[in-house]
Amino acid sequence: MKKALVLMALALIAVVFIYAIGKMPPMNGKDTPDKTHVVPRYLEKGEEEAGARNIITGIILNYRGYDTMGETTVIFSALAAVIALLDREKRRRSRSSVDASKVETSTVVRTVARFVLPVVVLFAVYTILHGEPSAGGGFQGGAIIGASIIIFALVWGLPEATDRMPLGARLPLESSAMLAFLAMGVIGLAYGVHFLTFILPGLSAGVAETVRSLMLTVIEAGIGVGGGIIFVSIVFAMMREDRYELQQDRK
Amino acid sequence: MSLSATHPVLLVAVPLFFAALCPVVGMWKRAACFYWALAGVAVTGFLTWTLIGKVTASHALTYNVGGWRPPFGIQIRIDYLGVFMACTITGVSMLVLVYCHRYATHDLKPERIPYFYTLFLLIFLAMIGFSITGDIFNMFVFMEIFSITSYALVAITGQKAAVRAAFKYLLMGATSSLTILLAISFLYSVTGSLNMPDISARLGSMRSTYLPVAAVALAFFVVGFTVKAALFPLHGWLPDAHSMAPSPVSAILSALVIKMGVFGILRIFFTVFGRSFSGLSASWGTLLSVLSWVAAIAIVAGAALAVFQKDLKYMIAYSSVSHIGYILLGICMLSPRGMTGGFYNLLAHALGKACLFLVAGAFIYKLGVRRISDLKGLGRKMPVTAGAFALASLSIVGIPPSAGFVAKFYLVWGSLQKGQYAFVVFILLGSLLAAVYCFRVVYYLFFTASDGPAPGVDEVPVTMWAPCALLALGTLFFGLYSGLIIPSLQTAARLLLR
Amino acid sequence: MSFSRIVNNFNYVFSALLFLMGLYTVAVKPNLIKKLIGLNIMETSVFLLIVSLGMVGGGEAPIVEAGVKTANIVNPIPQALILTGIVVAVSTTAVALSLCIRIHQKYGTLEAGAILGREVDV
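In this text, all values refer to a predicted model and were calculated from it rather than measured experimentally.

Parameters at a glance
- Residues numbered from 1 in each chain as written.
- Chains lettered and ligands numbered in written order.
- Predicted model: local features only at pLDDT ≥ 70, side-chain atom pairs only at ≥ 80, totals over all residues.
- Helix = DSSP H or I, 4+ residues; strand = E, 2+ residues; numbered from the N terminus.
- Contact = placed C-beta atoms within 7 Å.
- Buried ≥ 20, exposed ≤ 12 C-beta atoms within 10 Å, placed from the backbone.
- Expected span 1.5 Å × (residues − 1).
- Nonpolar A, V, L, I, M, F, W, Y, C, P; charged D, E, K, R; others polar.
- Axes fitted to C-alpha atoms, helices over the stretch in contact; angles between N-to-C directions.
- Parallel < 35°, antiparallel > 145°, perpendicular 65-115°, else oblique.
- Left-handed = near helix turned anticlockwise from the far one by under 90°.
- Core = buried A, V, L, I, M, F, W, Y, C linked by C-beta atoms within 7 Å.
- Bend = angle between axes of the 7 residues up to and from the residue.
- Pairing = 2+ DSSP bridges.
- pLDDT = per-residue confidence, 0-100.

K.L.:
What is the right way to read the overall build of chain B from this model?
P.N.:
Counting secondary structure elements, chain B contains 20 helices and 2 strands. With the principal axes as the frame, chain B shows a C-alpha extent of 75 × 60 × 40 Å. The contacts of chain B with a sequence gap of at least 6 include a subset with a gap of at least 24, amounting to 79%.

Rendered as structure tokens:
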């Protein structure tokens, strides 16, 4: 009965959705409303106004920076939510069999990880810093950093990972994304322009552009580090060994 | 640019700062988190209330973040409704936060307390950000912040039933968010803009072949936001979530978060689409009429379901379902009087419902009682909180001189003006049912003797009864001095209806 | 309603199909993790729709080369929007999984019938 209702509702949504698709502007078109209204200005003036050759980065950090600030707040609230629900991983007390990683010690995995992870981290840093001139950006790099630390935790076990990334260091860094935005935004306020403006008045053109580049890099780094550490903390909280007590098979 | 010109963005930047550092404060000293959060809400409250004068002077305060003019950048646009919502949010949040001081240490594991206050600040800032933005995607981002934090806040005690309720809430909430995102993308595909007034202008000059897409977008928006607002029959997530959450969280959710759904509908219908837009007036008008009937049914359905509840918090939760009906009915009436009634109901319900939930929480805190039949004689033992409950009930039912009465009066007046006599019947029936479920509780509290020896007065601590009392007195105040804001609300309604 | 338009906008059609499949999974499947997977599918489908909006036939990435003027650049705005959208989706999934962990701890199972208290029919 319930399934029938669901199917009917889905059929209705399908009809409405497909109908709308039939009326939407053609995909791949060049003159559709969305491509002719705001986008030309972004493409033409993006590099000089927003300081980024990668127009998407220009939009994210400059034109719609407020949204990105909201986005960092979203990921931060996910962290707060996960920690509020799961609590932080316990500090390692003793090396017992309970603390051992569930992944068997495999020489192959560990050796490969030893070689690959540093390169991955380097690549992540490159991605973060190269948001402007090429494809890249803060979140992208942050996700890569986070993933590499999580792989470390999976291969070597949570206690080793928390040793290397202790809570005391992680906690302040988690807020770094939001604080980077606030700090750069307030700089604009201090100079008398709008929040999150990066071209500061009263500076000569060359200096202003350098300052803008610097501010954008700070934000990128903040998002990268903050985002990455947040992912790491979330996974550490989920990986608590004492949560998964060995139990009988539940079929 | 002067400090006062940056005022709008500070409404979001200040609580953001406090929220970002709350875990760090917690790492330093757990007990300090409460005061940190209090400071954040207080400063933001001051900023919000001082905006009132500016907005009434210029009808809408705008701020281009990053200096980019819309539609190239995101604009904060605070109109009458925005500042009204922001002030309600800060006022109620402040009082609930004071209540949290004791409640958090009593109900939550100590390690979670800093994160509780962080989530509180985040949900607070997200609601304010949602109310003041002029960009539709920005609205979506803030909506997700308060949605995600609310799922966690419901389950933060870790109780079985709460976690289960939170998951159901998450599924329905995330689905509705996606529906809204879909609607935003439909609208973007035919207008190319994300700025609300700009979308409105573009819709007016759009090719008529694209109009159906806009109509479908409107429909998806309505579905998405009505789930967020918990309008019957899409209210399924609300009773469990609001009853099983910690009481201050229930207060915030019922009093404020579901109003965001209503606010979203307001923005979509009046700022994005707009009444004067002729191309879609048929679908616009039909959707609003359908919505008004659904709202009217919700009033009675919610109230009737509330009557059958045996658990106090479940009863209060279903009452919220009923009151969302009042608010939406007022808004869908499309007359200044009706809409004023809707807005005033929003305020009256926010104050009254927060009070009811906090009192219910006080009963649980002191005695662990949740069933209505166990409330016998508590009026003698906890006179202040029980008295607050009684006073707030007057507003929920709509008895003069409470704010609830003023609100429902305007609704009835608006309905009569429009000749919608059926709505009057629904409104009065809702009040009658509310009288049944509210006064039953009051009867148990004050007019029955408790089983066992006569108790002495044993109230909850002052940080818990004071917010209850203040919220209840607020319903009285706004009932007696409705002239303070009714004119502004009527102006707001007229501006929306242009 | 022209069929040729629908065929031309086939990305959108796939997006609609994925959305519906995801919604079906969320509504009908009893296992909580499956519901979450359904939710993720829905989210991905909406991102597909948004990015496809910005497509230009044979278009290039919106990275401006110094001095080189290209006329055929894809719309950068949808891509910026989905960046935010993906982060939101990840955040929602993280919170949902935390809830699943707690639910499993309390109930010992992840089947909706036992948990959400309603009849399961698959």
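K.L.:
Please explain the overall build of chain C as it appears in this structure.
P.N.:
When you go through chain C residue by residue, the secondary structure sums to 5 helices and 0 strands. Listed by position from the N terminus, the elements making up chain C come as α-α-α-α-α. Burial status across chain C gives 43% buried among its 122 residues. When contacts within chain C are restricted to residue pairs at least 6 apart in sequence, long-range pairs at least 24 apart make up 51% of them.

K.L.:
I would appreciate a short explanation of helix H5 (residues 113-132) of chain B in the present structure.
P.N.:
Note on helix geometry: an α-helix contains 3.6 residues per turn, so any two residues three or four positions apart are oriented the same way. The end-to-end C-alpha distance of H5 of chain B, which contains 20 residues, comes to 29 Å, matching closely the 28 Å that a straight helix rising 1.5 Å per residue would cover. Burial analysis of H5 of chain B places 20 of its 20 residues in the buried class, which makes it a mostly covered element.

K.L.:
Could you clarify how one ought to interpret the interface of chain A and chain C in this entry?
P.N.:
For interface size, the figure often reported is the accessible area lost on association. Across the boundary between the two partners, chain A contributes 48 residues, which contact 46 residues of chain C. Sort the elements by how many residues they give to the side of chain A that touches chain C and helix H1 (residues 2-23) of chain A lands first, with 12 residues. For the side of chain A that touches chain C, the per-class residue count stands at 30 nonpolar, 5 polar and 13 charged.

K.L.:
What is the right way to look at the interface of chain A and chain B in this model?
P.N.:
Residue-level contacts link 47 residues of chain A with 52 residues of chain B. Secondary-structure elements contributing two or more residues to the side of chain A that touches chain B are H1, helix H2 (33-36), helix H4 (55-63), helix H5 (65-86), helix H9 (167-174) and helix H10 (176-190) of chain A. Sorting elements by how many residues they give to the side of chain A that touches chain B places H5 of chain A first, with 15 residues. Classifying every residue of the side of chain A that touches chain B by side-chain character gives 26 nonpolar, 12 polar and 9 charged.

K.L.:
Is there a simple way to explain the packing of H9 of chain A against helix H1 (residues 7-28) of chain B in this structure?
P.N.:
Two packed helices can be described by the angle between their axes and the distance between those axes. With their axes 8 Å apart at the nearest point, H9 of chain A and H1 of chain B run at an angle of 150 degrees to one another. When the axes of H9 of chain A and H1 of chain B are compared, the pair comes out roughly antiparallel. Our pair here, H9 of chain A against H1 of chain B, has a crossing hand that is left-handed. Mapping the contact onto sequence places Leu171, Pro172 and Glu174 of chain A in H9 of chain A and Pro23, Val24 and Met27 of chain B in H1 of chain B. Each residue belonging to the contact of H9 of chain A with H1 of chain B can be placed in one class, and the counts come to 5 nonpolar, no polar and 1 charged.

K.L.:
Explanation requested: the environment of alanine 135 of chain A in the structure shown.
P.N.:
Inspection of the secondary structure puts alanine 135 of chain A in the loop between helix H6 (107-129) and helix H7 (138-156). Spatially, the C-alpha atom of alanine 135 of chain A lies 29 Å from that of valine 193 of chain A, the residues being 58 residues apart in sequence. Filtering out sequence-adjacent residues up to four positions away, alanine 135 of chain A remains in contact with Asn54 of chain A together with Ala61 and Ile63 of chain C.

K.L.:
Help me understand the environment of tryptophan 36 of chain B in this model?
P.N.:
Residue and element names in this part refer to chain B. As for its placement among the helices and strands, tryptophan 36 is situated in helix H2 (residues 32-49). Its 22 C-beta neighbours within 10 Å are what place tryptophan 36 among the buried residues. Each C-alpha atom, one on tryptophan 36 and one on leucine 121, is 9.8 Å from the other, the two residues being 85 residues apart in sequence. Other than its neighbours up to four places away in sequence, tryptophan 36 contacts Phe18, Cys22, Val25 and Tyr117.

K.L.:
What is the right way to look at unusual backbone geometry in this model?
P.N.:
Keep in mind that most residues, glycine aside, have a negative phi and that most peptide bonds are trans. Cis geometry marks the peptide bond from proline 70 of chain B to proline 71 of chain B; its omega dihedral reads 0 degrees. Residue position: proline 71 of chain B is located in the loop between strand S1 (60-64) and strand S2 (75-79). Proline 401 of chain B follows proline 400 of chain B through a cis peptide bond whose omega is 0 degrees. Tracing the backbone shows proline 401 of chain B in the loop between helix H16 (383-397) and helix H17 (403-418). The phi dihedral of leucine 196 of chain A is positive, around 65 degrees, even though this residue is not glycine. Of note, leucine 196 of chain A is situated in the loop between H10 and helix H11 (205-238).

K.L.:
Is there a simple way to think about the nonpolar core in this case?
P.N.:
Side chains of nonpolar character tend, in soluble globular proteins, to be buried together. Grouped together as the largest cluster of nonpolar side chains are 326 residues, with contacts concentrated most on Val154 and Ala166 of chain B. Per-element tally for this core: the top contributor is helix H7 (residues 160-191) of chain B, with 20 residues.

K.L.:
I tried to follow helix H4 (residues 80-107) of chain B on my own but got confused; where do I start?
P.N.:
All names here are of chain B. The end-to-end C-alpha distance of H4, which contains 28 residues, comes to 38 Å, matching closely the 40 Å that a straight helix rising 1.5 Å per residue would cover. Roughly 40 degrees is the biggest bend found in H4, and it falls at cysteine 100. In terms of burial, H4 is a largely internal element, 23 of the 28 residues being buried.

K.L.:
Looking at this structure, I do not really get the packing of H16 of chain B against helix H18 (residues 421-447) of chain B. What am I missing?
P.N.:
All names here are of chain B. Running from N to C, H16 and H18 point in directions that differ by 170 degrees, and their axes come no closer than 9 Å. Put simply, H16 runs roughly antiparallel to H18. Between H16 and H18, the contacting residues are Ala386, Phe389, Ala390, Ser393, Ile396 and Val397 on the first element and Ser431, Ala434, Ala435, Cys438, Phe439, Val441, Val442, Leu445 and Phe446 on the second. When grouped by side-chain class, the residues that make up the contact of H16 with H18 number 13 nonpolar, 2 polar and no charged.

K.L.:
Please clarify how the environment of leucine 181 of chain B should be interpreted in this entry.
P.N.:
Residues and elements named next belong to chain B. For leucine 181, the position within the fold is in helix H7. Here leucine 181 falls in the buried class, since 27 other C-beta atoms lie within 10 Å of it. A C-alpha to C-alpha distance of 37 Å links leucine 181 and leucine 429, two positions 248 residues apart in sequence.

K.L.:
Help me understand the pairing of S2 of chain B, please; the structure alone is not making it clear to me.
P.N.:
Side-chain positions along a regular strand alternate between the two faces of the sheet. Residue and element names in this part refer to chain B. By the criterion of burial, S2 is predominantly enclosed, with 5 of the 5 residues buried. Strand direction decides the pairing type here: S1 and S2, joined by 5 bridges, are antiparallel. Its bridge partner being in S2, leucine 61 is matched across the sheet by isoleucine 78.

K.L.:
Help me out: how do you make sense of the confidence of the model for chain C in this one?
P.N.:
Note that predicted coordinates carrying low pLDDT should not be read in detail. Residues and elements named next belong to chain C. Taken as a whole, chain C shows an average pLDDT of 84; of its residues, 87% reach a score of 70 or greater. Looking across chain C, the model is least confident in helix H5 (residues 112-115), with a mean pLDDT of 67, and most confident in helix H3 (residues 32-53), with 95. Low pLDDT, under 50, characterises residues 118-122; the predicted model gives this stretch 8 contacts beyond four residues in sequence or across chains.

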